[in-house]
Amino acid sequence: MAGPSNVIRVPKPSPSSFNMERLLVKNSLLQNQVKHFLELEKTLPPEKRTGTAPGSITTEGRAAEYIRKMTDILHPRVAKSGGR
Amino acid sequence: MPAGLDNLKHIVVLMMENRSFDHMLGALKKQDPRINGLTGTESNLDTSNEPAKVQPLAEFQGQLDPDPDHHFPAVHKQLYAGTTGPPATPSMGGFVQSYHDQRKDVNHSRQIMYYFPPEKLPVLTTLARSYAVFNGWFSSIPGPTICNRAFAHYGTSFGHVDMNLFYQKTPFLSIYDRLLKAGKTTKLYYYDRASSTMEIVNLLKNQPKIFATFPQFLDDCKRGELPDYSFVEPNYSDHLGEGGGEELASDQHPDHDVQAGEIYIGQVYNAIRQNPDLWKSTALLIAYDEHGGIYDHVPPPSCLPDGFTATEQQTGVPGQPFPFDRLGVRVPAVLVSPWIPKATVVPGTEDPANGRIFEHASIPATVTKQFLGTYNERSPREKAALTFLDLLSDTMRPDADCPVFNFA
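Note that the coordinates shown come from a computational prediction; the quantities given were computed from them, not determined experimentally.

As for the overall build of chain A
- Within chain A one finds three helices and one strand.
- When its helices and strands are written in sequence order, chain A yields β-α-α-α.
- Summarising its shape, the C-alpha atoms of chain A cover approximately 60 × 30 × 15 Å along the three principal directions.
- In chain A, the share of contacts with a sequence separation of at least 24, taken over all contacts with a separation of at least 6, comes to 60%.

Here's what the structure looks like:
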């Protein structure tokens, strides 16, 4: 399908780019995504809530952990299939 | 009807985060003067009244920290510095001063003018030069992500100009609802469970069935089972994946690594490109939701009001309610299909006679036109939005003429 002339090589990012400890306050988008999930969680019945303390979500890694829990609640099919 | 449109079965939209046209594609003007990019002389005054010129010094990561402000008041300053504000034509002169407001560091604030040389963005610039690049695709609102993405999903933000959670109001259904009601197929693919979607309340909570993950997208492409319309979201955070490995954010939102986003765009493209049946029957649009506070030189034009008005309390700019009558800052947008003539440049505001203005409401407008035909219950902005599938021609380009990406 593709000969050598139309193959474009794309370099990989530096391994040092990854930073789960990046502070959440540095990313307004992720902050608001968390905020929306927190607001939505308040509308869920108590037995379905994650019990996550909002103040504990301070880094990207922690935001992702919380978002994973909420996604599993809202989208259980993907949770059951191991993320597919 | 052109053969390209006759063959079209699938539309895929990949929406990235927070980069302006000039920041990502402005350097292409030197390769092709039809592309409305940078001459190299554009500048803003910094807070010491010295001109800060555009420079090809953008880095993948580390320069745009903190995240440049792109909420309504900051964008107002970026657009209207040195003017009396609307209805004056935006000066595009306040980007450096706006960024200075955050860190109070004059040298740092000048980096908001930096742009990428094409060789640093081999995926986006190759696609832009190989298929169709839009000189005049603007974000829908001079503001942040959520309200801009809403225009891609609903053709309106229901009067919102901010990041707050909003609720869909009838009669404007999402493009997904419209398709499902008509018996068509559609999916929103988010990256993984820990990244999820930005459409949490109206769609994920109420319609989880229309969601799937990026691995599912790759499988659907491989098996030729893409729905009629797909919307793909990038990874919004650095986190550990399902198997414990490192998942690098691919959204290109500052200060995430731009190279990771390049790979993600390339993966989406390759997945379609490598299935011959899918390749000839799919149009892929890559667009950015908004400019993220980063410099662009083209003043956003006025547009048809949307039937909503955000009050001055909602805009956060004293004396400035917003009737949704002008667009936000210009963003990169590229349409990919083997039916598009190589190096197509769609003119924008630089060409008053032939220029065409697109915004995110053009997405549901195009999908509606292609799969539903006449459909009346849409926002004024969506009804007025231009559609883009007329760029597909009668001639399919040979394989050797269409790039493939190799992630070394």
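Section: the overall build of chain B
- Assigned secondary structure in chain B consists of 15 helices and 13 strands.
- Against the compact-globule benchmark of 22 Å for 408 residues, chain B has a radius of gyration of 20 Å, which places it among compact chains.
- With the C-alpha coordinates of chain B rotated into their principal frame, the extents come out at 60 × 50 × 45 Å.
- Out of the 408 residues belonging to chain B, those deemed buried represent 58%.
- A fraction of 73% describes how many contacts in chain B between residues 6 or more apart in sequence connect residues 24 or more apart.

Some words on the environment of P403 of chain B
- Mapping P403 of chain B onto the fold places it in the loop between α15 (380-384) and β13 (404-407).
- The spacing of P403 of chain B and D162 of chain B is 241 residues in sequence and 38 Å in space, taken between C-alpha atoms.
- Once residues within four sequence positions are removed from consideration, P403 of chain B is found in contact with N6 and I8 of chain A together with T126 and S130 of chain B.

Digging into the nonpolar core
Residues and elements named next belong to chain B.
- Judged by nonpolar contacts, the single largest core of 131 residues is most densely connected at V13, L14, L284, I286, V334 and L335.
- The dominant element in this core, judged by the number of residues it contributes, is helix α11 (residues 258-273), at eight residues.
- Residues in contact with L335, not counting those within four places in the same chain, are Y131, A132, A283, L285, I340, F388 and L391.

Let's talk about the packing of helix α6 (residues 122-130) of chain B against α11 of chain B
Residue and element names in this part refer to chain B.
- Put simply, α6 and α11 touch, their axes get as near as 8 Å, and they point 45 degrees apart. With respect to α11, the element α6 is oriented oblique. Residue-level contacts link P122, V123, L124 and L127 of α6 to E262, I265, G266 and Y269 of α11.

Regarding the packing of helix α3 (residues 72-80) of chain B against helix α4 (residues 95-103) of chain B
All names here are of chain B.
- Between α3 and α4, the shortest axis-to-axis distance is 7 Å and the interhelical angle comes to 145 degrees. Here A74, K77 and Q78 of α3 come into contact with α4, specifically with F95, Q97 and S98.
- Split into classes, the residues belonging to the contact of α3 with α4 amount to two nonpolar, three polar and one charged.

Structural notes on the environment of P73 of chain B
All names here are of chain B.
- Tracing the backbone shows P73 in helix α3.
- Note on P73: 18 C-beta atoms within 10 Å, which makes it partly exposed.
- Beyond its immediate stretch of four places on either side in the chain, P73 contacts G316 and V317.

Here we look at helix α1 (residues 28-41) of chain A
- Along its 14 residues, α1 of chain A runs 20 Å from first to last C-alpha, staying within 8% of the 20 Å computed at 1.5 Å per residue.
- Among the residues of α1 of chain A, S28, L29, L30, Q33, V34, H36 and F37 of chain A are the ones counted as buried.
- Elements that come into contact with the buried residues of α1 of chain A comprise α2 (60-74) of chain A together with α7 (145-154) and α9 (200-205) of chain B.

A look at the interface of chain A and chain B
- Each partner contributes to the interface: chain A provides 43 residues, whereas chain B provides 52 residues.
- The sheet contact formed by strand β1 (residues 7-10) of chain A and β13 of chain B spans four bridges and is parallel. Within β13 of chain B, the residue paired with I8 of chain A across the bridge is F405 of chain B.

Examining helix α14 (residues 362-371) of chain B
Residue and element names in this part refer to chain B.
- Extensive coverage of α14 is indicated by the burial of eight of its 10 residues.
- Turning to α14, the residues buried within the fold contact β1 (10-16), α7, α8 (175-181), β7 (229-232) and α15.
- Count one or two residues on from α14 and you reach G373, which has phi positive near 75 degrees.

With respect to the sheet that holds strand β10 (residues 282-288) of chain B
Residues and elements named next belong to chain B.
- Read from one edge to the other, the open sheet built from eight strands follows the order β6-β5-β7-β1-β10-β11-β4-β12, with strand pairing classed as mixed. Unpaired on one side and paired on the other, β6 (211-213) and β12 (344-346) mark the two borders of the sheet. Ignoring strand direction, the axes of neighbouring strands in this sheet form an average angle of 20 degrees.
- Here strand β5 (residues 186-190) pairs with β6 via three bridges, running parallel. Considered in β6, the bridge of Y190 is made with T213.

Thresholds applied
Residues numbered from 1 in each chain as written. Chains lettered and ligands numbered in written order. Predicted model: local features only at pLDDT ≥ 70, side-chain atom pairs only at ≥ 80, totals over all residues. Helix = DSSP H or I, 4+ residues; strand = E, 2+ residues; numbered from the N terminus. Contact = placed C-beta atoms within 7 Å. Rg over C-alpha atoms; globule rule 2.2 N^0.38 Å. Buried ≥ 20, exposed ≤ 12 C-beta atoms within 10 Å, placed from the backbone. Core = buried A, V, L, I, M, F, W, Y, C linked by C-beta atoms within 7 Å. Axes fitted to C-alpha atoms, helices over the stretch in contact; angles between N-to-C directions. Parallel < 35°, antiparallel > 145°, perpendicular 65-115°, else oblique. Nonpolar A, V, L, I, M, F, W, Y, C, P; charged D, E, K, R; others polar. Expected span 1.5 Å × (residues − 1). Pairing = 2+ DSSP bridges.

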